[in-house]
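# Examining the three-dimensional arrangement
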Protein chains: 2
Amino acid sequence: MTFFDASGDSNEPSSRVAFAGNRLDRRSEHRGDDCLAEALASPLARIFAFGDGRAFLRKADDGFDALHSLEELHHFQPDLENAVLLGFAEGEAPRIAAHVRLNPEELPESVKAIDHRSIYIQGLIKDDELGQMAQGASLIAWARSHHHCGRCGGETRSKAGGYRRECPTCGHMLFPRTDPVVIMLAVDNENDRCLLGRSPHFPPGMYSCLAGFLEPGETIEDAVRRETWEESGIRIGRVRYHASQPWPMPHTLMIGCYGEAVSTRISIDQREIEDCRWFSRAEAAQLLSRQTGAEDLSSPPPGAIAHHLIHGWLTHGG
Amino acid sequence: MTFFDASGDSNEPSSRVAFAGNRLDRRSEHRGDDCLAEALASPLARIFAFGDGRAFLRKADDGFDALHSLEELHHFQPDLENAVLLGFAEGEAPRIAAHVRLNPEELPESVKAIDHRSIYIQGLIKDDELGQMAQGASLIAWARSHHHCGRCGGETRSKAGGYRRECPTCGHMLFPRTDPVVIMLAVDNENDRCLLGRSPHFPPGMYSCLAGFLEPGETIEDAVRRETWEESGIRIGRVRYHASQPWPMPHTLMIGCYGEAVSTRISIDQREIEDCRWFSRAEAAQLLSRQTGAEDLSSPPPGAIAHHLIHGWLTHGG
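Residues numbered from 1 in each chain as written. Chains lettered and ligands numbered in written order. Predicted model: local features only at pLDDT ≥ 70, side-chain atom pairs only at ≥ 80, totals over all residues. Heavy atoms only, no water.

Once that is clear, we can look at the overall build of chain A. From N to C terminus, chain A includes eight helices and 15 strands. On C-alpha atoms alone, chain A measures out to a radius of gyration of 21 Å, which is about the 20 Å that the 2.2 N^0.38 rule sets for 318 residues. Dimensions of chain A, computed from C-alpha atoms along their principal axes, come out at roughly 60 × 50 × 40 Å. In chain A, which comprises 318 residues, the share counted as buried stands at 59%. For chain A, contacts bridging at least 24 residues in sequence account for 64% of all contacts bridging at least 6. Positive and negative side-chain charges of chain A, numbering 33 and 46 respectively, have mean locations separated by a distance of 2 Å. (Helix = DSSP H or I, 4+ residues; strand = E, 2+ residues; numbered from the N terminus. Rg over C-alpha atoms; globule rule 2.2 N^0.38 Å. Buried < 20%, exposed > 50% of the residue type's maximum accessible area, 1.4 Å probe, protein only. Contact = heavy atoms within 4.5 Å. Lys, Arg positive; Asp, Glu negative; His and termini not counted. Charge placed at Lys NZ, Arg CZ, Asp CG, Glu CD.)

Okay, the pattern of salt bridges next. Pairing between side chains becomes possible if they bear opposite charge and their charged atoms approach one another. Counting across every chain of the model gives 40 salt bridges over all chains. For Arg277 of chain A, the salt bridge is made with Asp275 of chain A, and the minimal N-O distance between the two is 3.1 Å. Arg277 of chain A gets classed as partly exposed once you look at its relative accessible area, which sits at 35%. A single network of salt bridges, built from pairs that share partners, joins Arg26 and Arg31 of chain A together with Glu215, Glu218, Arg226, Glu227 and Glu230 of chain B. (Salt bridge = Lys/Arg side-chain N within 4 Å of Asp/Glu carboxyl O.)

To continue, consider the packing of aromatic side chains. Residue and element names in this part refer to chain A. For the structure shown, the criterion picks out 13 aromatic pairs over all chains. Ring centres 5.6 Å apart and planes at 85° place the aromatic pair Phe19 and Trp247 in the edge-to-face group. Highlighted residues: Phe19 in the loop between helix 1 (2-5) and helix 2 (35-41) and Trp247 in strand 13 (residues 236-247), separated in sequence by 228 residues. Given a relative accessible area of 1%, Phe19 falls into the buried group. For Trp247, a relative accessible area of 16% translates into the label buried. (Phe/Tyr/Trp six-rings, centres within 6.5 Å; stacked < 30°, edge-to-face > 60°.)

Quick look at the sheet that holds strand 7 (residues 157-159) of chain B now. Residues and elements named next belong to chain B. As summarised here, the arrangement of the three strands in space is 7-8-9, forming an open sheet in which the pairing is antiparallel. The open sheet has two edge strands with one neighbour each: strand 7 and strand 9 (173-174). When strand 8 (residues 164-166) meets strand 9, the two strands line up antiparallel, connected through two bridges. What sits directly across from Arg165, in strand 9, is Leu174. (Pairing = 2+ DSSP bridges.)

This next bit is on the layout of surface pockets. One number sums up the size of the second largest pocket: a volume of about 1200 Å³. Considering the residues around the second largest pocket, the lining is formed by 42 residues, among which Arg240, Tyr241 and His242 of chain A together with Arg240 and Tyr241 of chain B are closest to the centre. Elements that contribute at least two residues to the lining of the second largest pocket include exactly strand 13, strand 14 (252-261) and helix 8 (305-316) of chain A together with strand 13 (236-247) and strand 14 (252-261) of chain B. Ranked by the residues each element gives to the lining of the second largest pocket, the list is headed by helix 8 of chain A, at six residues. Tallied by class, residues from the lining of the second largest pocket come to eleven nonpolar, 18 polar and 13 charged. (1 Å grid on protein atoms, 1.4 Å probe; cavity = no way out; pocket = protein on both sides within 12 Å on 5 of 7 lines; lining within 4 Å. Points joined across faces, edges and corners; volume = space filled by probe spheres on them. Nonpolar A, V, L, I, M, F, W, Y, C, P; charged D, E, K, R; others polar.)

Quick look at the packing of helix 7 (residues 281-289) of chain A against helix 8 of chain A now. Residue and element names in this part refer to chain A. Contact geometry for helix 7 and helix 8: axes closest at 10 Å, N-to-C directions at 135°. It follows that helix 7 is oblique to helix 8 by the angle criterion. Both helix 7 and helix 8 take part in a crossing whose hand is left-handed. Seen from helix 7, the contacting residues are Arg281, Ala284, Ala285 and Leu288; seen from helix 8, they are His307, Ile310, His311, Trp313 and Leu314. Of the residues assigned to the contact of helix 7 with helix 8, the class counts are six nonpolar, two polar and one charged. (Axes fitted to C-alpha atoms, helices over the stretch in contact; angles between N-to-C directions. Parallel < 35°, antiparallel > 145°, perpendicular 65-115°, else oblique. Left-handed = near helix turned anticlockwise from the far one by under 90°.)

At the interface, 67 residues of chain A touch 66 residues of chain B. Across the chain A to chain B interface the summed buried area is about 5800 Å²; carbon plus sulfur atoms make up 53%. Our count for the chain A to chain B interface comes out at eight salt bridges. Notably, a salt bridge pairs Arg26 of chain B with Glu215 of chain A, separated by 2.8 Å at the nearest N-O pair. (Buried area = accessible area lost by both parts, 1.4 Å probe.)

The omega angle of the peptide bond from Met249 of chain A to Pro250 of chain A is -5°, so this bond is cis rather than trans. Mapping Pro250 of chain A onto the fold places it in the loop between strand 13 and strand 14. The backbone of Glu92 of chain B sits at a positive phi, close to 60°, despite the residue not being glycine. For Glu92 of chain B, the location among the structural elements is in the loop between strand 4 (84-89) and strand 5 (93-99). Take Glu92 of chain B: its relative accessible area is 48%, and that puts it in the partly exposed class. The phi angle at Ala160 of chain B is positive, at roughly 50°, despite the residue not being glycine. With respect to the helices and strands, the residue Ala160 of chain B is situated in the loop between strand 7 and strand 8.

Quick look at the relation of the copies chain A and chain B now. Between chain A and chain B, which share one sequence, the superposing operator has a rotation angle of 180° and an axial displacement of 0.0 Å; the RMSD is 0.0 Å. Here the two chains are linked by the operation of a two-fold rotation axis. Across chain A, the rotation axis passes nearest the C-alpha of Gly153 of chain A, at a separation of 2.1 Å. (Least-squares fit on C-alpha atoms with pLDDT ≥ 70 in both.)

On to the side chain of Glu231 of chain A, then. Within the element layout of this structure, Glu231 of chain A appears in helix 6 (residues 220-232). One buried charged residue, Glu231 of chain A, forms no salt bridge at all, with the nearest opposite charge on Arg226 of chain A at 7.6 Å.

Tracing the backbone shows His116 of chain B in helix 4 (residues 116-121). The residues touching His116 of chain B, leaving out its near neighbours within four places in the chain, are Phe19, Phe50, Gly53, Arg54, Ala55, Met133, Ala137, Pro248 and Met249 of chain B.

Right, let's get into the confidence of the model for chain A. Summing up the model confidence of chain A, the mean pLDDT is 94 and the portion of residues at 70 or higher is 95%. Model confidence for the complex: the whole-complex pTM is 0.96, and ipTM, which rates the interface, is 0.96. (pLDDT = per-residue confidence, 0-100.)

Residue and element names in this part refer to chain A. Within the open sheet, the three strands sit side by side as 7-8-9. Their pairing is antiparallel. The sheet is open, and its two edges are formed by strand 7 (157-159) and strand 9 (173-174), each paired on a single side. The pairing of strand 7 with strand 8 (residues 164-166) spans three bridges and is antiparallel. The residue of strand 8 that forms the bridge with Arg157 is Glu166.

Residues and elements named next belong to chain B. Counted residue by residue, strand 11 (residues 193-198) has five buried out of six residues, so it is predominantly covered. Bridge analysis of strand 10 (residues 179-188) against strand 11 gives three bridges, and the strand direction is antiparallel. Looking at strand 11, one finds that Asp188 is bridged to Arg193. Here strand 10 hands over to strand 11 after four residues, with Asp192 in that stretch at a positive phi of 50°. Examined bridge by bridge, strand 11 and strand 15 (residues 275-280) share six bridges and lie antiparallel to one another. Looking at strand 15, one finds that Arg198 is bridged to Asp275.

Shown next, in the form of structure tokens:
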């Protein structure tokens, strides 16, 4: 576990976003085909339970507990064959993720099925467990969308503790998927303002950084320039990487950047975003201070990488 | 196309790696289901042909041409149903990628099927076409491994110019895949040296930066620290992003970083790498000057992001 402590820099931007607190020892080079069975046999094993895009949390004295013993997990009808060994917590305690079949409506009063976003926004579990949950949610979502082979359609089997799936029919091997998304704050240095937009599915009044999937055959910098251009008509010059964030809806890597705007006239692509405008420093500061739900405009909550990008610009000038 | 020109900084590290010269107008928000058929109907359409991990190049007066007209393409038995519209070159000229079924051994003398790595190392085609080829190769590799639905096993159909696949049986939608890989140069500032290793599949004598897939639920910085720790036993402190590179074998995004080493004793994981050692500034400079094939030690060729990371450290101190 020691390598996590080496960073020695609690100011690393990527360490300050939600879902980034995972400190499990993954031992990625040592995932044998028996590792999951061995881990499940450990009395120290604790398991995240996922169903239908939600995690099952047990009410505890001081909040909620996302980790279940194997005995507790059995009440939820787990699919252990397709479970994933995430890694080991201190003291060699295995952490596992499993899909469960129990309908959330049949859950006892003491257990709640809550979507991942709400768990982070409401701060229901500790940072390190939130990070482990992100890892587990992503892997379970990937596994469930790959029970069949994309080449031949045959049924795949879980291997290497769930980190690989194999097709016995054609021999195809499948590996977990992580989708890089660029999310950027375009800054107009001359007029000291930043570019924020809103997509139709945002809560009312919320503005955030523009974002989009990085495409095959594209650098991070070119993706930042293309997405900004396509959505807002603004041309970006220099791009500076700021921070990254695991985002388990379902298995995304957010890559947060600053972009130097070299044009100022906005031309919105309404297929993609509903509105887009320049915010002065004072307007952006006001936006950050109000969270979703306020009557007026608001920004994404702390923990969201967009929040950190805006905050970083206000603090350091981008 | 204007947004590409905005960068105004020819020193952007990500613009100087191989496969990064793609300047097609992708129009990612405007991919209707007819866009591929419309593009194929244009007399200006030019098509990349891929088979078995290789691109088909026609011998031309001054080297090779990777772009074929639709008429030329028909000689190679193209799978046009699963072709992909990459975007538009200047003058509204569509660029398309297609898998072809002709066995490379049946090719006429004037056409060669060459693997993507050799095309870049030998500099067989222009930088912008090399970048377009990377985009096409990645998308075709993705499409071919997703002809069936991972959820239900049914056959999928190409939509949105090849940028989406749909399963008519269960309704599942599939999107192109890009795998983020971290590649890093660990630097021991105190002793002014950097860490390079070699994996068993490298050409004899070649040393390069350590690298590995970023995992679900991980930040870029944590992936750099974990991979370095797992492969070499070296602990990394601060991580600094340097550049990214599209890598079409098959659909990877290389994320190049510098890592500040905070320990110096190497402990190799021999499942993963064959050797790993510290290189002084003079040794690294000597390594960079010799390419693969020299009798002595060598480094990856110019264009490889590892080459740029080492060169950047030698020039700017990392």
